[in-house]
Amino acid sequence: MFNKIGLAVTFSPNGLSLLKNAHKLAELLNLNLVIIHVGEKNSEKEKKMDELILEAGLEEGGYSLVWRQGEPAAAIIDICIEEKIDLLVAGALEKEPLLKYYTGSVARTLMREAPCSVLVLVNPENKILKFNKICVDVDYTPLNEIAVKKAYNLALLENAEEFILVREFQVPGLAITVSDGGDSEETESKRLIWQKEEEMKLKLFAEELNLTGIKPKLVCRYGKEGWELKQYARQSGSDLLVVALPPNKLKFFDRIFKHDLEFIFSQLPCSLLIIR
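Residues numbered from 1 in each chain as written. Predicted model: local features only at pLDDT ≥ 70, side-chain atom pairs only at ≥ 80, totals over all residues. Heavy atoms only, no water.

Colleague: Describe the overall build of the protein chain, listing the residues and the values that go with them.
Modeller: Looking only at helices and strands, the protein chain has eleven helices and ten strands in total. Taking contacts inside the protein chain between residues at least 6 apart in sequence as the whole, the part at least 24 apart equals 79%. Total accessible area computed for the protein chain in this model is approximately 13900 Å², and 51% of it derives from carbon and sulfur atoms. (Helix = DSSP H or I, 4+ residues; strand = E, 2+ residues; numbered from the N terminus. Contact = heavy atoms within 4.5 Å. Areas by Shrake-Rupley, 256 points an atom, 1.4 Å probe, with all protein chains shown as cover.)

Colleague: With reference to specific residues and values, describe the packing of aromatic side chains.
Modeller: Overall, the coordinates contain three aromatic pairs when judged by the stated rule. Look at Y152 and F163: their rings are 5.1 Å apart centre to centre, the planes differ by 75°, and that puts the pair in the edge-to-face class. In this pair, Y152 sits in helix α6 (residues 142-158) while F163 sits in strand β7 (residues 162-169), placing the two residues eleven residues apart along the sequence. There is no split in this pair, since Y152 and F163 are both buried. Taking NZ or CZ as reference, K150 lies 4.5 Å from the ring centre of F2, over its face. (Phe/Tyr/Trp six-rings, centres within 6.5 Å; stacked < 30°, edge-to-face > 60°. Buried < 20%, exposed > 50% of the residue type's maximum accessible area, 1.4 Å probe, protein only. Lys NZ or Arg CZ within 6 Å of the ring centre and 35° of its normal.)

Colleague: Go over the pairing of β7, please, and point to the residues and values.
Modeller: Within β7, seven of the eight residues are buried, which leaves it mostly tucked inside the rest of the structure. Bridge count for strand β6 (residues 133-137) against β7 is five bridges, and the pairing is parallel. Bridge pairing links V136 to L165 in β7. In this region the chain leaves β6, passes through α6 and returns to the parallel neighbour β7; the handedness of that crossover is right-handed. Of the pairings in the sheet, the one linking β7 to strand β8 (residues 217-222) comprises six bridges and is parallel in character. Residue pairing in the sheet places V166 in a bridge with V219 of β8. (Pairing = 2+ DSSP bridges. Right-handed = clockwise from strand over helix to strand, strands pointing away.)

Colleague: I'd like a rundown of the side chain of Q231, residues and numbers included.
Modeller: Structurally, Q231 can be placed in helix α9 (residues 227-235). Of the residues examined, Q231 reaches a relative accessible area of 19% and is grouped as buried. Within the structure, Q231 has its side chain in polar contact with the side chain of R234 (distance 3.2 Å). (Polar contact = N/O pair within 3.5 Å; in protein donor to acceptor, adjacent residues only side chain to side chain.)

Colleague: Can you break down the nonpolar core residue by residue, with the values?
Modeller: L19, L119, I134, V148, F163 and L165 are the most contacted members of the largest nonpolar core, which totals 51 residues. When residues of this core are assigned to their parent elements, the largest contribution, seven residues, is made by helix α1 (residues 15-29). Those residues in contact with I134, other than ones at most four positions away along the chain, are A151, L154, A155, A160, E162, F163, I164, L240 and V242. Of all hydrophobic cores here, the second largest spans 23 residues; its members include V122, L229, L241 and L268. (Core = buried A, V, L, I, M, F, W, Y, C linked by side-chain atoms within 4.5 Å.)

Colleague: Could you give an account of the environment of D78, naming the residues involved and the relevant values?
Modeller: Take D78: it is sitting in helix α3 (residues 72-83). You can call D78 partly exposed: its relative accessible area is 39%. Separated by ten residues in sequence, D78 and R68 place their C-alpha atoms 9.8 Å apart.

Colleague: Run through α1, naming residues and quoting values.
Modeller: For α1, spanning 15 residues, the distance from its first C-alpha to its last is 21 Å, which sits close to the expected 21 Å at 1.5 Å a residue. A large share of α1 lies buried, amounting to eleven of its 15 residues. When α1 is considered as a whole, its buried residues turn out to be G15, L16, S17, L18, L19, N21, A22, H23, L25, A26 and L29. Just beyond α1, the residue with positive phi is N30, at close to 60°. (Expected span 1.5 Å × (residues − 1).)

Colleague: Can you break down the pattern of salt bridges residue by residue, with the values?
Modeller: Going through the model one piece at a time under the given rule, you end up with nine salt bridges. Here K24 and E158 are joined by a salt bridge, their closest N and O atoms 2.8 Å apart. Of this pair, K24 sits in helix α1 while E158 sits in helix α6, and the two are 134 residues apart along the sequence. Take K24: its relative accessible area is 21%, and that puts it in the partly exposed class. We note a salt bridge from K41 to E46, for which the minimum N-O separation is 3.8 Å. You can call K41 partly exposed: its relative accessible area is 47%. If you follow the salt bridges from partner to partner, you end up with R167, E198 and K201 in one network. (Salt bridge = Lys/Arg side-chain N within 4 Å of Asp/Glu carboxyl O.)

Colleague: How would you summarise the pairing of strand β3 (residues 63-68) if you had to cite specific residues and measurements?
Modeller: Two strands pair when backbone bridges link them, and strand β2 (residues 33-38) and β3 are joined in this way by six bridges, in the parallel orientation. Looking at the pairing, I35 lines up with L65 of β3. After leaving β2, the chain enters helix α2 (residues 43-55) and then returns to the sheet as β3, a path that is right-handed.

Here it is as structure tokens:
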């Protein structure tokens, strides 16, 4: 699934919980953990970090620790490149204040710009998270197929209870028909036909991937991309939402004129795994 896991951690109240969860994930994937701390290094902070690491249950030889000064997001990104990290773990609030969302916070900058996959844990609150219900966005791209396979392998390792594939779709011209005062029965008929076609495509997609350990639940949602996915993840009580991020970085204007993933980034419905 991954070759090297990193954790961006601070001395915040959730620092210990993030360490425990990253340690659990590293053991699950049989990987060493690279702990990243951005800030001044001194004897007091070194002692505090050593205490956190000990309390989290990490043993010597099972991790490495990298200190770096500078702007947090930029420093973490640089370390990910230098250390060849392909999965970065970070913590985030479910919802950022408006100013932070538009000007950027560390977690959301990493979501948009990290050079590797990112697992964002939402408010872990000093507990070990278990992903019992994993929800995966489906768009049929090659990167998305990789994301589904990685998410499925994680579901097997976690002994997840549910693995859900969600396909969002829109009917071409349907919005125009409605705005032009088109017949409501005809409009609904078109939507239902398209729904059945999408359900068949999703079923074939799942069968081709041969996901035999846990039978995936298949869900097709009509509506705005990103928005429907977020709503379903929240309503279904998913523990983890998995998406594939397009190669082009999201820009500032995507936050104003929202890109589909920005609906998710603005208010996380649960923990989020971004596959790059």
